[in-house]
Amino acid sequence: MMNNLRAIAEESEIDPGKAEQLNEQLHAYRNLVQKHKVMNVDELITLRNQLDQELQDMNMSSARADELRVLIEQEKEECRKLSAKISENRYLVLNDISNKWKSDLNQLGMPNGEIRFSLDAHQEFNRYGTDHLEIQFSSNKGGSFEPLHKVASGGEMSRIMLIIKSYLAGISTLPTMILDEIDTGVSGETARQVAEMMESLSKKHQLITITHLPQIAAKGQKHFYVYKEDSENITRSYVKELTEDERVDEIAKMLSGENPTESARKNALELISS
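This structure is a prediction, so every number in the text was calculated from the model and none was measured. (Residues numbered from 1 in each chain as written. Predicted model: local features only at pLDDT ≥ 70, side-chain atom pairs only at ≥ 80, totals over all residues. Heavy atoms only, no water.)

(A) Examining the nonpolar core more closely. One finds Trp101, Leu105, Ile115, Phe137, Ile160, Leu162 and Met198 to be the most contacted residues of the largest nonpolar core, which totals 27 residues. If you list the elements that add at least two residues to this core, you get α3 (41-107), β1 (114-126), α5 (154-171), β4 (176-180) and α6 (188-201). It is α6 that provides the largest number of residues to this core, a total of 6 residues. Counting 8 residues, the second-largest nonpolar core is a separate cluster that includes Val248, Ile251, Ala252 and Ala268. (Core = buried A, V, L, I, M, F, W, Y, C linked by side-chain atoms within 4.5 Å. Buried < 20%, exposed > 50% of the residue type's maximum accessible area, 1.4 Å probe, protein only. Helix = DSSP H or I, 4+ residues; strand = E, 2+ residues; numbered from the N terminus.)

Spelled out as structure tokens, the structure:
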């Protein structure tokens, strides 16, 4: 092609304008060959075709991106509608839940305890809508409502968790619930009421309970004693199922100490039989 351009240029000496045009084309060709690091015009043409295809692909990608943006906005609008409906349904039931909770708190020895729910709508979506839920608690008449995790004592939190688990048990398909010292901070009559609620739960679910309260332990149908033994280099934990007599002895120990009296054993037997 270079030779052809030179030949044309030589033949065009009588037309300075055409010669200048050809020289400009020759200069542009050399620049393109150097810029794109190709050997000849065929490779340059191949490169041009590749770039044309890439440009078409980019234009198609841009159009597809615009389509996706429209679809995303449509999905967001649908999510906004669903979130608004979820929020509306929540507000319809929260008052009833608060009233039910007040009754259960009273049953577990907190007659002045009240629960309130605070719902704040956020811009971000999550799997539950856009609401941010905060559980607020007041334990005294006329007291202010504060976030539950900040104001509830250990005993109050234990009983509230038991109430929550009892609600979840009504809709849960899990066959077993594990309550690890959920009776922390309670005693006396309150412990008895906690035990009755746990006994009610056990009618629909298998309940595995870790406890140090005799009122609660006595409600169990089976008892397992967890203990540790030390060897020279290691401590091992063991679990032993108790016989009926051993059950009485262990609950008696909960009542009166490591060496229970006969009176304590009688009390333990009464608790198990009640």
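(B) Layout of the packing of aromatic side chains. Counted according to the given criterion, the structure contains 4 aromatic pairs. Aromatic pair Trp101 and Tyr167: ring centres 5.7 Å apart, planes at 80°, arrangement edge-to-face. On the criterion of sequence distance, the pair formed by Trp101 in helix α3 and Tyr167 in helix α5 is long-range, its members being 66 residues apart. With a relative accessible area of 4%, Trp101 lands in the buried category. (Phe/Tyr/Trp six-rings, centres within 6.5 Å; stacked < 30°, edge-to-face > 60°.)

(C) Quick look at α6. Over its 14 residues, α6 runs 20 Å from end to end, which matches the ideal 20 Å to within 8%, given 1.5 Å per residue. Inspection of α6 places Thr190, Ala191, Gln193, Val194, Ala195, Met197, Met198 and Leu201 among the buried residues, and these make up the whole buried set. Tucked into the core, α6 has its buried residues touching α3, α5, β4, β5 (206-210) and α7 (214-217). (Expected span 1.5 Å × (residues − 1). Contact = heavy atoms within 4.5 Å.)

(D) Looking closely at the sheet that holds strand β2 (residues 129-138). Read from one edge of the open sheet, 3 strands run β1-β2-β3, paired in antiparallel fashion. In this open sheet, the two edge strands, each paired with only one partner strand, are β1 and β3 (146-147). For β1 and β2, the ladder comprises 9 bridges, and the chain directions are antiparallel. Looking across to β2, one finds that Asp120 is bridged to His132. Sheet strands touched by α3: β1 and β2. Its angle to β1, the strand with the most contacts, is close to 170°. (Pairing = 2+ DSSP bridges. Axes fitted to C-alpha atoms, helices over the stretch in contact; angles between N-to-C directions.)

(E) Highlighting the packing of helix α8 (residues 244-256) against helix α9 (residues 262-273). Interhelical geometry of α8 versus α9 gives an angle of 115° and a closest axis separation of 8 Å. What the angle tells us is that α8 and α9 run roughly perpendicular. Judged by the sense of rotation from one axis to the other, the crossing of α8 with α9 is right-handed. Residues Arg247, Val248, Asp249, Ile251, Ala252, Leu255 and Ser256 of α8 touch α9, and the partners they reach there are Ala264, Arg265, Asn267, Ala268, Leu269, Leu271 and Ile272. Split into classes, the residues belonging to the contact of α8 with α9 amount to 9 nonpolar, 2 polar and 3 charged. (Parallel < 35°, antiparallel > 145°, perpendicular 65-115°, else oblique. Left-handed = near helix turned anticlockwise from the far one by under 90°. Nonpolar A, V, L, I, M, F, W, Y, C, P; charged D, E, K, R; others polar.)

(F) Looking closely at the confidence of the model for the chain. Across the chain, pLDDT averages 82, with 93% of residues at or above 70. Within the chain, strand β7 (residues 235-241) carries the highest mean pLDDT (92), whereas helix α1 (residues 2-11) carries the lowest (55). (pLDDT = per-residue confidence, 0-100.)

(G) Quick peek at the side chain of Asp104. Position of Asp104 relative to the elements: it lies in helix α3. If we skip the residues at most four places from it in the chain, Asp104 touches Ile163 and Tyr167.

(H) Quick peek at the side chain of Arg247. With respect to the secondary-structure elements, Arg247 resides in helix α8. Within the structure, the side chain of Arg247 is placed 2.6 Å from the side chain of His223, a separation counted as a polar contact. Here Arg247 is in contact with Ala218, Gly220, Gln221, His223, Leu242 and Ile272, once residues within four sequence places are set aside. (Polar contact = N/O pair within 3.5 Å; in protein donor to acceptor, adjacent residues only side chain to side chain.)

(I) Focus on the pairing of β7. Bridge count for strand β6 (residues 224-230) against β7 is 7 bridges, and the pairing is antiparallel. Pairing of Asp230 across the sheet is with Thr235, part of β7. Counting the residues between successive antiparallel strands, the hairpin from β6 to β7 contains 4 residues.

(J) Molecular detail of the pattern of salt bridges. Inspection of the entire model under this criterion finds 14 salt bridges. In this structure, Asp104 engages Lys100 in a salt bridge whose closest nitrogen and oxygen atoms are separated by 3.8 Å. Here Lys100 and Asp104 lie together in helix α3, a separation of 4 residues that amounts to about one turn. Take Asp104: its relative accessible area is 9%, and that puts it in the buried class. A relative accessible area of 46% means that Lys100 is categorised as partly exposed. Lys222 serves as the salt-bridge partner of Glu241, at 3.3 Å between the closest nitrogen and oxygen. In this pair, Glu241 sits in strand β7 while Lys222 sits in the loop between α7 and β6, placing the two residues 19 residues apart along the sequence. (Salt bridge = Lys/Arg side-chain N within 4 Å of Asp/Glu carboxyl O.)

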